[in-house]
Amino acid sequence: MVRTAEKSVESLVNTHEFDTYLRDYNDTTTLFAEVLNGAMRTPFEYSYHSGELYASDGDAMGPIFQKSLDQAEEIAMRTPKLAFEQRRRRHEQAEYRDMLAMAKGELPNTMIVVSDFPSELQNAREDVGGYNVTRQQTMLRVIYWQDGTMHMVSQTLDGSNRTALEALYEYHGRVPAAGELLGQRTHMQLSGDEQTYLIDRLTGVYDRSLTKQYGGTWYAGRKDTRRNTYEFACKQQDLIDAYAMAHTDNERFNVIAALEARYERATGFVERTETTYRQVSELPVAALLPHIHLSAELHLMGTQARAEGKVYSSCGSTLRSSEAGPSAESQLNALGYGNKSEEPSNEEDEFGPLTFKCTEGHTNHRKKNELLTECQTKPCKEGSVGCG
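As a starting point, this report considers the structure included with it. (Residues numbered from 1 in each chain as written. Predicted model: local features only at pLDDT ≥ 70, side-chain atom pairs only at ≥ 80, totals over all residues. Heavy atoms only, no water.)

Focus on the nonpolar core
Right, on to step 1. By size, the foremost hydrophobic cluster in this structure holds 49 residues, and its most contacted members are F32, Y46, M61, M99, I143 and M150.
Right, on to step 2. Beyond its immediate chain neighbours, meaning those up to four positions away, F32 contacts A233, L239, I240, Y243, V255 and L259.
Right, on to step 3. If you look at the next biggest cluster of nonpolar residues, it comprises 24 residues, including I112, L165, Y169 and L190. (Core = buried A, V, L, I, M, F, W, Y, C linked by side-chain atoms within 4.5 Å. Buried < 20%, exposed > 50% of the residue type's maximum accessible area, 1.4 Å probe, protein only. Contact = heavy atoms within 4.5 Å.)

Considering the packing of helix α5 (residues 162-170) against helix α6 (residues 192-214)
Right, on to step 1. At a closest axis distance of 8 Å, the pairing of α5 and α6 adopts a crossing angle of 140°. It follows that α5 is oblique to α6 by the angle criterion. Both α5 and α6 take part in a crossing whose hand is right-handed. Note on element contacts: α6 touches α5 through L202, V205, Y206, S209, L210 and Q213, opposite T163, A164, L165, A167 and L168.
Right, on to step 2. Grouping the constituent residues of the contact of α5 with α6 by class yields eight nonpolar, three polar and no charged. (Axes fitted to C-alpha atoms, helices over the stretch in contact; angles between N-to-C directions. Helix = DSSP H or I, 4+ residues; strand = E, 2+ residues; numbered from the N terminus. Parallel < 35°, antiparallel > 145°, perpendicular 65-115°, else oblique. Left-handed = near helix turned anticlockwise from the far one by under 90°. Nonpolar A, V, L, I, M, F, W, Y, C, P; charged D, E, K, R; others polar.)

What to know about the environment of G159
Right, on to step 1. Position of G159 among the secondary structure elements: in the loop between β5 (149-157) and α5.
Right, on to step 2. The partly exposed category is assigned to G159, whose relative accessible area is 39%.
Right, on to step 3. Sequence separation between G159 and V133 is 26 residues, and the spatial gap between their C-alpha atoms is 9.3 Å.
Right, on to step 4. Sequence-distant contacts of G159, defined by excluding residues within four places in its chain, comprise R135, Q136, Q137 and Y206.

Given below as structure tokens:
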């Protein structure tokens, strides 16, 4: 994955081109960071042009938020217990509108968002979609407008401890209302230095509250680790390349299993079996070096992960056993936006896509091989997909 030319965001926007390399790289590294068993901090920057925010690959952010809401509606129809995704996507759309207002100078230059773990899943016993019910993470977002650029930094906070989350509001003199925190955004005007270090200060507030409650030393809601999984993932260039070149689910699973094993060795985590580490230690040193015998590492770690029934959860999917899901859709997934559940199927039938927009504005979801009742009883304009 070698990039041969640089393109400005403005040129990408003007020509409606997307930087494929950058998108694939970001998608892969953020997926890697999400599946690792550590704290993740993810920074991204966005440019403002003509009433819209754009990512570095030239993709507009507004349509992505709308797509997530559309998908949430379909998810709710397919899986009623995940209907809360609609509510959360509406909060995020309002959050995006606030970002645009910040860029235009209509709101203070800094916003804090506490995207807490859904209360509907707090008693779940196994992972649902991309939600890890063991870690029950909150995504803390600090969004700030600085020097003509929208900066967005997210930090995972394990446990979604309510007392510690409320301390984030109290730190700025606020008392949050009962219930979900996602829609309770905090706005303030800060200096550049204050903006840059705010995510560190808030993470510290959360951890000090946990220390007060339970004792011990904490980092981002976890004990005994201070390694940023996103930073670690970005250094695994050979695995990033291997994931990009993978053609099957089994190959992708092997890459993620190898990534996890590397992370555990680097951080001193000993959560895998003694057999795994004995097998790794018996390999020639070259077997763990990039591009030499990488295939041996992938095969070994993948086989061991399957034997242990490993499950990897990330934004967009839960990977079980020999199955590995698709890469994360965009940077916004890594920042905590969008549906964590598997995306709706793109399956089609004789009437066309199951998700569509009728020219008469009818509901854009239907069951396979069935026409919408509204489309049967009320004439639709000729050519409307999914209408009779």
